[in-house]
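An overview of the molecular structure
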Amino acid sequence: MSNLSDAITNEGYSILLSYELSNIYQWSIDFWKLQKGDKFKMVFNERYINDTIYAGIEGIEGAVFVHQDKPYYAFNYAVDPESGKADFYDEEARPLESFFLKAPLNFSRISSRYSGRRFHPVQKTWKAHRGTDYAAPHGTPIWSTAHGTVIASGYTAGNGNYVKVKHNDTYTTQYLHMSKRNVKVGQRVRQGDVIGYVGSTGLATGPHVCYRFWVRGEQVDPFRQNLPAADPIKEHLKEDYFASITPVKEQLEAIPFKEI
């Protein structure tokens, strides 16, 4: 399988299912690296008006995505029935959501990694590169990789249009060379919120975002960090969780994978 949307729409299902599925697994599966043999199945609900008029996807109850021969289970569970807050967890009650997204946008390629010594394409000199450059078309939305508060949104000659987000006392991220900023200082953002758009402002030779990452005030390579996971299911809810996912998992196991 090379394209999730095509795989779903070719079977006659709504493309909205591909969006739902990619949102569920965006923290654990790199959809740019799907390969032959990857497969998935899911249990989901659809809405109908008066039991006859189709009104879209109501939600996915459970899914399993086999990627590089490893199964990734996902089950929808209401951790707070009163507020209706629900999230996806695996077969061992671990959250699928990671504290940080793997990347701040849908990118074409990583054009330059974090490095202690890189030849700067504009300044024509060797210097440290304290970020990761993601090449993408001009105007591509840039996401905040985690919940947080915008502590800077401005322009400098080097950074171009940039945004900086403080996530907590430990982690801060920054996004450079935007064509346009979409947030203001003091604004609260959630993981996945669009905070700007790819451009080539400042010292940049082409459209990309330079993603910078701080841990306790020190700039680091995010690919080398052991980043925290989202909040786990509370212990007193686990018995109910395992009971609630059992019938959904049985339904999943009963569905055969289809060879395409």
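Look up a bit, the structure's there.
Below is a short write-up of the structure.

The rules behind each value
- Residues numbered from 1 in each chain as written.
- Predicted model: local features only at pLDDT ≥ 70, side-chain atom pairs only at ≥ 80, totals over all residues.
- Heavy atoms only, no water.
- Core = buried A, V, L, I, M, F, W, Y, C linked by side-chain atoms within 4.5 Å.
- Buried < 20%, exposed > 50% of the residue type's maximum accessible area, 1.4 Å probe, protein only.
- Helix = DSSP H or I, 4+ residues; strand = E, 2+ residues; numbered from the N terminus.
- Pairing = 2+ DSSP bridges.
- Phe/Tyr/Trp six-rings, centres within 6.5 Å; stacked < 30°, edge-to-face > 60°.
- Lys NZ or Arg CZ within 6 Å of the ring centre and 35° of its normal.
- Patch = residues over 30% accessible without salt bridge, like charges linked within 9 Å, V, L, I, M, F, W, Y side chains within 5 Å.
- Areas by Shrake-Rupley, 256 points an atom, 1.4 Å probe, with all protein chains shown as cover.
- Salt bridge = Lys/Arg side-chain N within 4 Å of Asp/Glu carboxyl O.
- Contact = heavy atoms within 4.5 Å.

Before going further, it helps to spend a moment on the nonpolar core. In terms of nonpolar packing, the biggest core is built from 23 residues, with Leu105, Tyr134, Ile142, Val163, Tyr175, Ile195 and Phe213 touching the most fellow members. When residues of this core are traced back to their parent elements, those giving at least two are strand E11 (160–166), strand E12 (171–181), strand E14 (194–198) and strand E15 (208–215). Considering every element that reaches this core, the biggest residue donor is E15, with 4 residues. Counting residues in each nonpolar core, the second largest holds 19 residues, with Ala7, Ile24, Phe40 and Phe88 among its members.

A few words on the pairing of E15. Taken across its 8 residues, E15 has 7 buried, putting it largely inside the fold. Here E15 folds back onto strand E16 (residues 218–220), and the loop between the two strands holds 2 residues, one of which, Arg216, carries a positive phi near 50°.

The side chains of a regular strand alternate, first on one face of the sheet and then on the other. Burial within E11 is extensive, with 5 of its 7 residues counted as buried. In this sheet, E11 lies alongside strand E10 (residues 148–156) in antiparallel orientation, the contact comprising 7 bridges. Its bridge partner lying in E11, Gly154 is registered against Tyr162. The antiparallel hairpin formed by E10 and E11 contains 3 residues in its connecting segment. If you look at the hairpin formed by E11 and E12, you'll find 4 residues sitting between the two strands.

Here the focus is the packing of aromatic side chains. In the structure shown here, the tally under the stated rule is 14 aromatic pairs. Measuring from ring centre to ring centre gives 5.6 Å for Tyr241 and Phe242, while their planes differ by 65°; the resulting arrangement is edge-to-face. Take Tyr241: its relative accessible area is 0%, and that puts it in the buried class. Here the aromatic residues Phe99, Phe100, Tyr134, Tyr171, Tyr175, Tyr211 and Phe213 are joined through ring pairs into a cluster of three or more. Lys39 extends its terminal NZ or CZ atom over the ring of Phe257, reaching a point 4.7 Å from the ring centre. Above the plane of the ring of Tyr73 lies Lys249, whose end atom (NZ or CZ) is 4.9 Å from the centre.

A separate point is the environment of Pro256. The topology assignment puts Pro256 in the segment after helix H3 (235–254). Look at Pro256 and you get exposed, because its relative accessible area is 65%. Put simply, Pro256 and Phe40 are 216 residues apart on the chain and 9.9 Å apart in space, counted from C-alpha to C-alpha.

Let us look at a nonpolar patch on the surface. Nonpolar side chains collect at one region of the surface, where Ile15, Leu16 and Tyr19 lie side by side and expose about 270 Å² of accessible area between them. With respect to the helices and strands, the residue Ile15 is situated in the loop between helix H1 (4–9) and helix H2 (16–25).

This part covers the environment of Ile233. When you line up the elements, Ile233 lands in the loop between E16 and H3. Overall, the relative accessible area of 4% leaves Ile233 in the buried class. Separated by 146 residues in sequence, Ile233 and Asp87 place their C-alpha atoms 9.6 Å apart. Apart from residues no more than four positions distant in its own chain, Ile233 is found in contact with Tyr77, Val79, Tyr89, Ala93, Lys238 and Tyr241.

Notably, Gln68 is not glycine yet its phi reads approximately 55°, a positive angle. If you trace the backbone, Gln68 turns up in the loop between strand E2 (53–67) and strand E3 (70–80). Unlike most non-glycine residues, Arg216 shows phi in positive territory, near 50°. Locating Arg216 in the fold gives a position in the loop between E15 and E16.

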